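If you want the building blocks of each chain, they are given just below.
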Amino acid sequence: MENNIRLSVKNFNFYYGNFQALNNINMDVEKNKVTALIGPSGCGKSTFLRSINRMNDLIDISKYEGIIQLDETDIFDKKYDIVELRKSIGMVFQKPNPFPKTIYENIVYGPKLHGTRDKKKLDEIVEGSLKAVALWDEVKDKLHQSALGLSGGQQQRLCIARAIAVEPEILLMDEPTSALDPISTLKIERLIRDLAKDYTIIIVTHNMQQAARVSEYTGFFYQGVLEEFGPTEKIFTNPDNKKTEDYITGKFG
Ligand SMILES: Nc1ncnc2c1ncn2[C@@H]1O[C@H](COP(=O)(O)OP(=O)(O)OP(=O)(O)O)[C@@H](O)[C@H]1O
């Protein structure tokens, strides 16, 4: 079991100034599985997700305690290069945010940053990444047009392609379908299942049906505490914690 753990969070606390947003979080994230994070607004899901690739470092007043290990290396270790970390742990946001550049340039941005210069190699990465998100057929004739000309759903698939172009180990997704219509949402959900073959995925979602559809594991957060974490099926059918049950049956939140 131990070898299947990609990310291990131990006694993790997080503060914005005096406000403690996360309280003693412990979680092991299994390789090539989808882990969903659910809970009412303001419970700390995004703070937790952003801690995993150290995006919270940008917030001056923030402070953390505890350990987050990626493949047994502490991501907060001073020796850990943040550019390398973000290569290993990619992120997709709520609103599609392609760069105002061509489709091609969006995908090759990361690989170029990490030193890939060979045109043929870059072309391969573009084709491979776009095929992986089932966008290739839709855009192969307009790779050099602006990414901003794509629909919202296509833009989000492009952002996922951009994230996987550098071959991360983990993909973090912060409510990746909340700005999309139902059909685009289904496409992304199918894509998440496909991508789990190659990546470890952690997804924040407000949509409990979505968590149930896409994930193997679910964590329920409430007021900065990880109240319950376990197999998705158990969390949704037979949770141990009364708060989890109240939340999934719609009694609050
Ligand atoms: N930059 C910040 N400075 C101060 N407090 C913050 C900051 N970001 C978030 N918080 C607070 O931390 C708590 C957790 O916020 P967070 O965004 O992680 O919750 P969430 O569960 O993702 O909520 P939502 O589902 O609404 O996105 C909230 O009380 C929020 O007000």
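Notes on the structure in this doc start here. Note that the structure is predicted; figures quoted are calculated from it, not measured. (Residues numbered from 1 in each chain as written. Predicted model: local features only at pLDDT ≥ 70, side-chain atom pairs only at ≥ 80, totals over all residues.)

**Structural notes on the environment of His144**
In step 1: Within the secondary structure, His144 sits in the loop between helix 5 (136-139) and helix 6 (152-164).
In step 2: A tally of 10 C-beta atoms within 10 Å means that His144 is categorised as exposed.
In step 3: Sequence-wise, His144 and Leu130 are 14 residues apart; in three dimensions their C-alpha atoms are separated by 14 Å.
In step 4: Every residue in contact with His144, bar those within four places of it in the chain, is listed here: Thr102 and Tyr104. (Helix = DSSP H or I, 4+ residues; strand = E, 2+ residues; numbered from the N terminus. Buried ≥ 20, exposed ≤ 12 C-beta atoms within 10 Å, placed from the backbone. Contact = placed C-beta atoms within 7 Å.)

**Concerning the packing of helix 3 (residues 103-113) against helix 6**
In step 1: Axis separation between helix 3 and helix 6 bottoms out at 7 Å; the angle between their running directions is 30°. It follows from the interaxial angle that helix 3 and helix 6 lie roughly parallel. The interaxial crossing formed by helix 3 with helix 6 has right-handed handedness. Across the interface between the two elements, Ile103, Asn106, Ile107, Tyr109 and Gly110 of helix 3 pack against Leu158, Ala161 and Arg162 of helix 6.
In step 2: The class makeup of the residues in the contact of helix 3 with helix 6 is 5 nonpolar, 2 polar and 1 charged. (Axes fitted to C-alpha atoms, helices over the stretch in contact; angles between N-to-C directions. Parallel < 35°, antiparallel > 145°, perpendicular 65-115°, else oblique. Left-handed = near helix turned anticlockwise from the far one by under 90°. Nonpolar A, V, L, I, M, F, W, Y, C, P; charged D, E, K, R; others polar.)

**Quick word on the environment of Gln210**
In step 1: Within the element layout of this structure, Gln210 appears in helix 8 (residues 208-214).
In step 2: Among the residues examined, Gln210 registers 22 C-beta atoms within 10 Å and is labelled buried.
In step 3: Distance from Gln210 to Glu189, taken between C-alpha atoms, is 7.6 Å for residues 21 residues apart in sequence.
In step 4: If near-sequence neighbours (up to four positions away) are discounted, Gln210 is found in contact with Thr177, Glu189 and Thr205.

**Digging into the sheet that holds strand 6 (residues 89-92)**
In step 1: Pairing in this open sheet of 6 strands is mixed, and the strands run 6-7-8-3-9-10 from one edge to the other. Edge positions in the open sheet fall to strand 6 and strand 10 (225-231), since each of these has one partner strand only. The sheet shows a mean angle of 15° between the axes of neighbouring strands, taken without regard to direction.
In step 2: As defined by bridge partners, strand 6 adjoins strand 7 (residues 170-174) across 4 bridges and the pair is classed as parallel. The partner of Val92 across the bridge, within strand 7, is Met173.
In step 3: Where helix 1 (residues 45-52) meets the sheet, its contacts fall on strand 3 (34-38), strand 6, strand 7, strand 8 (200-204) and strand 9 (217-222), and the angle it forms with strand 8 comes to roughly 150°. (Pairing = 2+ DSSP bridges.)

**Quick word on the nonpolar core**
In step 1: Grouped together as the largest cluster of nonpolar side chains are 67 residues, with contacts concentrated most on Ala161, Leu171, Leu172, Ile201, Ile202 and Ile203.
In step 2: Counting residues per element, this core draws most heavily on helix 6, which supplies 6 residues.
In step 3: Aside from chain neighbours lying at most four places away, what touches Ile203 is Val34, Ala36, Met173, Pro176, Ile192, Val214 and Ser215. (Core = buried A, V, L, I, M, F, W, Y, C linked by C-beta atoms within 7 Å.)

**Quick notes on the packing of helix 3 against helix 4 (residues 119-132)**
In step 1: Here helix 3 crosses helix 4 at 115°, and the two axes come no closer than 9 Å. When the interaxial angle is binned, helix 3 and helix 4 end up roughly perpendicular. Where helix 3 crosses over helix 4, the two elements pack in a sense that is right-handed. Where helix 3 approaches helix 4, its residues Tyr104, Ile107, Val108 and Pro111 are matched on the opposing element by Leu122, Ile125, Val126, Ser129 and Leu130.
In step 2: The residue inventory of the contact of helix 3 with helix 4, partitioned by class, reads 8 nonpolar, 1 polar and no charged.

**Overview of the sheet that holds strand 2 (residues 19-30)**
In step 1: Strand order in the open sheet formed by 4 strands is 2-1-4-5, and the pairing between neighbours is antiparallel. Each edge of the sheet is formed by a strand with only one pairing partner; in this case those strands are strand 2 and strand 5 (73-74).
In step 2: Of the strand pairs in this sheet, strand 1 (residues 5-16) and strand 4 (residues 62-70) are connected by 8 bridges, and their pairing is antiparallel. Opposite Val9, over in strand 4, you have Ile68 as the bridge partner.
In step 3: Contacting strand 1, strand 2 and strand 4, helix 1 runs over the sheet at an angle of about 60° to strand 2.

**A few points about helix 3**
In step 1: Among the residues of helix 3, those classed as buried are Ile103, Asn106, Ile107, Val108, Gly110 and Pro111.
In step 2: Buried positions along helix 3 lie against helix 4, helix 5 and helix 6.
In step 3: Within two residues after helix 3, Gly115 carries a phi angle of roughly 100°, on the positive side.

**Notes on the site of the ligand**
In step 1: Within the structure, the ligand sits among Tyr16, Phe19, Ala21, Gly39, Ser41, Gly42, Cys43, Gly44, Lys45, Ser46, Thr47 and Ile59.
In step 2: Elements with a contribution of two residues or more to the shell around the ligand: strand 2 and helix 1.
In step 3: Here the element with the most residues in the shell around the ligand is helix 1; it accounts for 3 residues.
In step 4: Of the residues assigned to the shell around the ligand, the class counts are 5 nonpolar, 6 polar and 1 charged. (Near = placed C-beta within 6 Å.)

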